[in-house]
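Chain by chain, the residues run as shown.
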Amino acid sequence: ALSAISLNNSILRVPPWRNPWLLAGVAAPFMLHLLVLYLKPLHTVFGVTSLTWEEWKVVLKFAAPILLVEEVLKDIGRVLAQNNESPDRAAAVLADKKSKALKELRNRAGGPSSK
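Owing to the predicted nature of the structure, the values given are computational and were not obtained by experimental measurement.

Calculation rules
- Residues numbered from 1 in each chain as written.
- Predicted model: local features only at pLDDT ≥ 70, side-chain atom pairs only at ≥ 80, totals over all residues.
- Heavy atoms only, no water.
- Helix = DSSP H or I, 4+ residues; strand = E, 2+ residues; numbered from the N terminus.
- Buried < 20%, exposed > 50% of the residue type's maximum accessible area, 1.4 Å probe, protein only.
- Contact = heavy atoms within 4.5 Å.
- Expected span 1.5 Å × (residues − 1).
- Arc of directions from axis to C-beta.
- Salt bridge = Lys/Arg side-chain N within 4 Å of Asp/Glu carboxyl O.

Engineer: Looking at this structure, how should I read the environment of Leu 42?
Structural biologist: Relative to the assigned elements, Leu 42 resides in helix 2 (residues 40-46). For Leu 42, a relative accessible area of 26% corresponds to the partly exposed category. Every residue in contact with Leu 42, bar those within four places of it in the chain, is listed here: Leu 35, Val 36 and Gly 47.

Written out as structure tokens, the structure reads:
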């Protein structure tokens, strides 16, 4: 969600803290997830266990590339816009590239839809 604060500009140009509601909208569910993961009474309710540091590394390994892909796609969009591509054409090219990039990430990770 933080990378989607702007469809065209990098997260470095339009920082997330410019929209406190977005930050709250990301922080609140994240805190709820942490509560479910680390409060033992909630483990039985939700059928989960706490994550180890090694498991968090795996989570970050799969989450970080998504941000990178989004930033690359924004850069491609800016290039297309500078070359006077029509917005519809640019959107179609970006959607195709995003789909291919996500499929490639899934293939590398051996995740769902890796065929």
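Next, the rest of the story.
Engineer: Help me understand helix 1 (residues 20-38) in this model?
Structural biologist: Each α-helix winds once per 3.6 residues, and so residues spaced three or four apart point in a common direction. For helix 1, built from 19 residues, the straight-helix expectation of 27 Å at 1.5 Å per residue is met to within 8% by its first-to-last C-alpha distance of 26 Å. Here helix 1 has its buried residues at Leu 22, Val 36 and Leu 37. Within helix 1, the buried residues cover an arc of 105 degrees as seen down the axis, which keeps them to one side. In helix 1, the exposed positions that point more than 90 degrees away from the buried face belong to Pro 20, Trp 21 and Leu 32. Contacts made by the buried residues of helix 1 are with helix 2 and helix 3 (53-82).

Engineer: Explain the pattern of salt bridges here, please?
Structural biologist: Where charged atoms of side chains with opposite charge meet at close range, the side chains can pair. Taken as a whole, this structure holds two salt bridges when the rule is applied. Glu 54 is the partner of Lys 57 in a salt bridge, and the nearest nitrogen-oxygen pair spans 3.1 Å. Highlighted residues: Lys 57 and Glu 54, both in helix 3, separated by three residues, approximately one helical turn. Take Lys 57: its relative accessible area is 38%, and that puts it in the partly exposed class. A salt bridge links Lys 74 to Glu 71; the nearest nitrogen and oxygen atoms lie 3.4 Å apart. Placement of both Lys 74 and Glu 71 in helix 3 is noted, with a separation of three residues, approximately one turn of the helix. Like Glu 71, Lys 74 is buried.

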